[in-house]
Amino acid sequence: MWSAIAPSNIAFIKYMGKSDVASNLPTNSSLSFTTKNLISKVNIIPHKGDIDIWRPLDDENFFTLDLNEFEQAKYLSHFSRIKELFGVRDNFIVESSNNFPSSTGIASSASSFAALTKAGVWAMCEVSGADVPDDGYICEISRLGSGSSCRSFFQPWALWNSAGVKELGFDGFNFLNHQLLIISSEKKLVSSSQAHQLVKTSLLFQGRPERAKLRLERLIGAMKKQDWKETFNLCWAEFMDMHALFVTCNKPFSYISSKSMAVLNFVLGFWSANDDGPVVTMDAGENIHIFWRPNQADVKKEFFSRLPIEDFGVIDNEKISGSVR
Ligand code: PMV
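Residues numbered from 1 in each chain as written. Predicted model: local features only at pLDDT ≥ 70, side-chain atom pairs only at ≥ 80, totals over all residues. Heavy atoms only, no water.

Trainee: How do you make sense of the sheet that holds strand 9 (residues 177–182) when you look at a structure like this?
Mentor: Sheet strands pair by backbone hydrogen bonding; their relative direction is either parallel or antiparallel. Spatial strand order, 10-11-9-12: 4 strands in an open sheet with antiparallel pairing. Two strands bound the open sheet, and with one partner strand each, they are strand 10 (279–282) and strand 12 (313–316). The sheet shows a mean angle of 25° between the axes of neighbouring strands, taken without regard to direction. Pairing geometry for strand 9 and strand 11 (residues 288–292), over 5 bridges, is antiparallel. When the sheet's bridge partners are listed, Asn-177 is paired in strand 11 with Trp-292. Helix 8 (residues 297–306) rests against strand 9, strand 11 and strand 12 of the sheet, and its axis sits at about 150° to strand 11. (Pairing = 2+ DSSP bridges. Helix = DSSP H or I, 4+ residues; strand = E, 2+ residues; numbered from the N terminus. Axes fitted to C-alpha atoms, helices over the stretch in contact; angles between N-to-C directions. Contact = heavy atoms within 4.5 Å.)

Trainee: Honestly, the pairing of strand 5 (residues 53–56) in this entry has me stumped. Any pointers?
Mentor: Consecutive side chains along a regular strand alternate between the two faces of the sheet. Bridge count for strand 5 against strand 6 (residues 91–98) is 4 bridges, and the pairing is parallel. In the strand pairing of strand 6, Trp-54 is matched with Val-94.

Trainee: It is not clear to me how the site of the ligand should be interpreted in this structure. Could you clarify?
Mentor: Taken together, 13 residues sit near the ligand, with Tyr-15, Ser-148, Arg-151, Ser-192 and Asp-283 positioned nearest. One of the side-chain N or O atoms of Ser-146 is found 3.0 Å from an oxygen atom in the ligand. In terms of residue class, the shell around the ligand is made up of 4 nonpolar, 6 polar and 3 charged. (Near = heavy atom within 4 Å. Polar contact = N/O pair within 3.5 Å; in protein donor to acceptor, adjacent residues only side chain to side chain. Nonpolar A, V, L, I, M, F, W, Y, C, P; charged D, E, K, R; others polar.)

Trainee: What exactly am I supposed to notice about the environment of Pro-46 here?
Mentor: By the secondary structure assignment, Pro-46 is in strand 4 (residues 30–47). Setting aside residues no more than four positions away along its own chain, Pro-46 makes contact with Met-1, Trp-2, Asn-91 and Phe-92.

Trainee: Which parts of the structure should I look at to understand the pattern of salt bridges?
Mentor: One side chain can pair with another of opposite charge once the charged atoms of both are near each other. Counted under the stated rule, the structure contains 12 salt bridges. Here Arg-211 ties to Asp-241 by a salt bridge, and the two come within 2.9 Å at their closest N and O atoms. Placement of the pair is Arg-211 in helix 5 (residues 208–224) and Asp-241 in helix 6 (residues 228–248), with a sequence separation of 30 residues. Exposure remark for Asp-241: the relative accessible area of 8% places this residue in the buried category. Taking the shortest distance from any N to any O, the salt bridge between Lys-213 and Glu-217 comes out at 3.5 Å. Of this pair, Lys-213 and Glu-217 both sit in helix 5, separated by 4 residues, roughly a single helical turn. Since its relative accessible area comes to 54%, Lys-213 is described here as exposed. Judged by its relative accessible area of 46%, Glu-217 is partly exposed. (Salt bridge = Lys/Arg side-chain N within 4 Å of Asp/Glu carboxyl O. Buried < 20%, exposed > 50% of the residue type's maximum accessible area, 1.4 Å probe, protein only.)

Trainee: Is there a simple way to explain the pairing of strand 8 (residues 164–168) in this structure?
Mentor: Both strand 7 (residues 157–161) and strand 8 contribute to a ladder of 5 bridges, which runs antiparallel. Of the residues in strand 8, the one forming a bridge with Trp-160 is Val-165. Counted between consecutive antiparallel strands, the loop separating strand 7 from strand 8 contains 2 residues.

Trainee: Looking at this structure, how should I read the nonpolar core?
Mentor: Note on soluble globular proteins: their nonpolar side chains tend to be buried together. Ranked by internal contacts, the top residues of the largest apolar core, which has 42 residues, are Phe-12, Leu-31, Trp-157 and Ile-288. Dropping the residues within four chain positions of it, Leu-31 is found in contact with Ile-10, Ala-11, Phe-12, Ile-13, Trp-157, Ala-158, Leu-159, Leu-168, Leu-216, Leu-219, Ile-220 and Met-223. Listed in part, the 35 residues of the second largest apolar core include Leu-76, Phe-113, Met-124 and Cys-150. (Core = buried A, V, L, I, M, F, W, Y, C linked by side-chain atoms within 4.5 Å.)

Trainee: Honestly, helix 2 (residues 108–128) in this entry has me stumped. Any pointers?
Mentor: Since one α-helical turn is 3.6 residues long, residues separated by three or four positions face the same way. The terminal C-alpha atoms of helix 2, which comprises 21 residues, lie 29 Å apart, in line with the 30 Å expected from a rise of 1.5 Å per residue. Within helix 2, 16 of the 21 residues are buried, leaving the element largely enclosed by the surrounding structure. Phi turns positive, to about 80°, at Gly-129, one or two residues after helix 2. (Expected span 1.5 Å × (residues − 1).)

Have a look at this one:
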């Protein structure tokens, strides 16, 4: 059996819209923070059956994953791609799970495809007798399964642009404390793959690559200067820009529920009253990611003492010890 784990990552500048669908190449560069304790685990087990099989990985530290038929097919098709690359014809059982709820806007596709690619490549190298390729190559294979997964190979920050993916560091911002406000654990109705296609039908998509480029440059500048407020402003504008594409495409949909909107309004009120607060972002889902610098302990305490926390769950990235829940 071969096993691998990989962390999730959450984009501050979003990858939304593809310039090449088959290779998952983005229409704009993206920047993400690797959420080191939110992880997926994959086991690959040889079996004698005629086809590869997916099943949830059974581990008390992980949520039992429930992939629908389409999701299983997508996952196994990526595994087949890896087998083909190494000329392997044997069949396997692929087990996977995450230590956080999946398909709810927590970027589970990033960690699950990165972990599958790592375990798959290691397994196929051993079975075929090939040398294990370097991480840069494994990351490119992973991108073919899920674009955002290529950023999970780098930390603390990953920049994905036309030259590839590379790790970045920003003094003062490398050890952000990250919490996830779980507004809902229900599976989202529109997958990110569908979203990538639909956004192109929005009139707002015209100009989106240019806006994302400008915002990325500004964000990198703000983070280099350790300008937290500007980082908040840019991240806020960025996720709202992505969500605006969702509500203005030709089959409009929204992930922002009244409950998430109430929390977002609370965040704005908190910033306006304190001239300080968390950096916030949302992925393609209802849940809200908040980030703090290590020296914001008092502000964070104040924030949580006021937040109507009984209404939803909180996953604290720092408290997921040993990389598992
Ligand atoms: O990797 P995909 O195809 O699941 O795309 C995910 C894209 C977002 O998570 C919505 C944004 C991002 O940059 O991670």
